[in-house]
Each structure stands twice: as C-alpha cells, then as structure tokens.
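Here is how the chains run, residue by residue.
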Amino acid sequence: MSEEFRRVDGRKPDEMRSYKIKAHVLKNADGSAEIRLGKNWIVAAVYGPKEHFPKFEVLHDRAILNCRYHMTPYSTSERKSPKPSRREIELSKVIRSALEQAVILEEYPEMSIDVFIEVLQADGSTRVASITAAAVALADAGIPMKDLVVGCSAGKINGRIIVDVGEYEDKEGEADLPIAIMPNLRRVVLLQMDGKLTHEEFKKAFDMALKGAYKLYEEQINALKSVIKNMEVLEGEDRE
Ligand code: ADP
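Residues numbered from 1 in each chain as written. Predicted model: local features only at pLDDT ≥ 70, side-chain atom pairs only at ≥ 80, totals over all residues. Heavy atoms only, no water.

**Details of the pairing of strand β8 (residues 175–182)**
In terms of residue burial, β8 counts as a mostly covered element, since eight of its eight residues are buried. A two-sided burial pattern is seen for β8, the buried positions comprising Ala-175, Leu-177, Ile-179 and Ile-181 on one face and Asp-176, Pro-178, Ala-180 and Met-182 on the other. Strand direction decides the pairing type here: strand β6 (residues 150–157) and β8, joined by seven bridges, are antiparallel. Pairing of Gly-155 across the sheet is with Asp-176, part of β8. Where β8 hands over to strand β9 (residues 187–191), the hairpin turn is made up of four residues, of which Arg-186 adopts a positive phi near 55 degrees. (Buried < 20%, exposed > 50% of the residue type's maximum accessible area, 1.4 Å probe, protein only. Helix = DSSP H or I, 4+ residues; strand = E, 2+ residues; numbered from the N terminus. Pairing = 2+ DSSP bridges.)

**Concerning the site of the ligand**
Close contacts around the ligand come from Met-71, Thr-76, Arg-87, Ala-122, Asp-123, Gly-124, Ser-125, Thr-126, Arg-127, Glu-167, Asp-170 and Lys-171, and that covers them all. For the ligand, the protein covers 77% of the area, taking 530 Å² as the surface of the free molecule. Of all the secondary structure elements, the ones that give two or more residues to the shell around the ligand are α2 (126–140) and α3 (167–172). Tallied by class, residues from the shell around the ligand come to two nonpolar, four polar and six charged. (Near = heavy atom within 4 Å. Areas by Shrake-Rupley, 256 points an atom, 1.4 Å probe, with all protein chains shown as cover. Nonpolar A, V, L, I, M, F, W, Y, C, P; charged D, E, K, R; others polar.)

**Comments concerning helix α1 (residues 86–100)**
Given a rise of 1.5 Å per residue, 15 residues ought to cover 21 Å, and the 21 Å separating the end C-alpha atoms of α1 matches this to within 8%. Regarding α1, the residues found buried are Glu-88, Leu-91, Ser-92, Val-94, Ile-95, Ala-98 and Leu-99. Of the surrounding elements, those touching the buried residues of α1 are β4 (64–71), β5 (111–121), α2 and β9. (Expected span 1.5 Å × (residues − 1). Contact = heavy atoms within 4.5 Å.)

Written as structure tokens, this is what we have:
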C-alpha cells in the first residue's frame, strides 16, 4: 500500500489529531478537566467523596462511583435533544465500569463519588476522550487511584487501519475499536469493537490505539503537573 495514503482530514493512518488536556478548569467542582481532541471538546467534573443518599443504596465496603456522560444539544451539527438518550445511558455505564477499575473505592465505604461529563462538541471517539478527561478530573479531586486511565480508538476505513477515529471515519468506516487502559499497570479496562477486523487487523489496530493512549497519558501527566506548579506559584505569592 502506498505511503501517500491520507485520511479525509489529511492525517496519516497512524497520526493522532491534535490534543490538549487541562486540569482544574472549574472553580466549584472538587476536581475537573477538559480535553480537546481534534474538534472534540469535553469537560469532566468530579464531586466527592461525599455521604451517599439515599441511605438504602449505600455499599458498606466501598464507595459508589456515579457517572454521567451527556452530550449538549449544541455538541452535534443537528440539535440533539438534551434528554439523555439510550446511547448516553449506555456510555455512562461503559465509562463508569472503566474508571471503577482504577479508583480505590474501598477507601470510602458508604460514600459516593460523582463524575459528570459534558460533551460540548463531538467529533468521534468521545467515549475514550471522556474517560481520559474524567481520570484527570478524579486525580485533580485527590481521589486515590491505582493508576490513571487513558483511552484511545483505532479503526478501519477503506481497508486501512487508522488511529484516533474521527466522526466521519466512525460513520463510514468498516470498524471502530475504542480501548482504555491503566498505563502503568498495563491493564485494559475498556475494549469494544464495532464492525469486523481479521486477527491481524485487530492486532495492528490494538497496537495503534495503545500507542495513542500512551501519548495521551503524557499529556494527562503534563496537565496535572501544571496544576501543581500553579499551586506552588500561588503559595509562593501568599508567603510574599
Ligand atoms: P464515540 O463518540 O465514543 O465514538 P459513537 O461511536 O456512538 O461513540 O459515536 C460516534 C460519533 O458520532 C460521536 O463522537 C459524535 O461525533 C457522533 N454522534 C453521536 N451521537 C450523535 C447524535 N445524536 N447526533 C449527531 N452525531 C452524533
């Protein structure tokens, strides 16, 4: 296959879109983060740990992790109903199950931690970008975690394996493979596949998504380091 193959947005098959993660972007939440990944623009906010209500729901050996993934009506080119769709309810569960594997919930029995994800602008691969932002928001809230969680997608379009699937590629492509991992523990916490891939293609796609995830992990760390740096500057100013 020719080296010149370019995707609809001009990317090479193994090229990510541009990305930027910022932590601590909201004043009132206990923790927050924002991710820009191509035209995706997603904000995650965390409240907790806090006493859980209603009481009959509490778990006596660990905290409950609540997660809401929501797309704003203006996140898509045609107005989306603000009401949570079946897809959003499903994605909330999928994202919770990925994050739950990293958060040390046993430290907070009978309490709950809320994660709110707002997709301000959607452009494909929002579930993995949401996980990436939510993990930073959890860390920003000081929630103990075994590791960060970071997600990336790969897919197939016109017979080519590609990384970081955009909206057009998601709709027109032959397959989509979103994954999320705990990067230091080297554990997969989310693996979904839509479409068909051969074993070889799956391996290639998985490796590409993994590489993408490790790049985003570096950006997560940079975002968290910037928050610490800003805190140190502010503390220094207080002492002066
Ligand atoms: P993911 O965002 O994780 O890839 P999907 O595969 O379900 O999840 O969605 C692919 C893309 O389709 C989304 O990222 C978004 O850009 C677009 N999309 C999802 N839901 C809607 C909707 N209700 N209206 C228009 N576009 C949508």
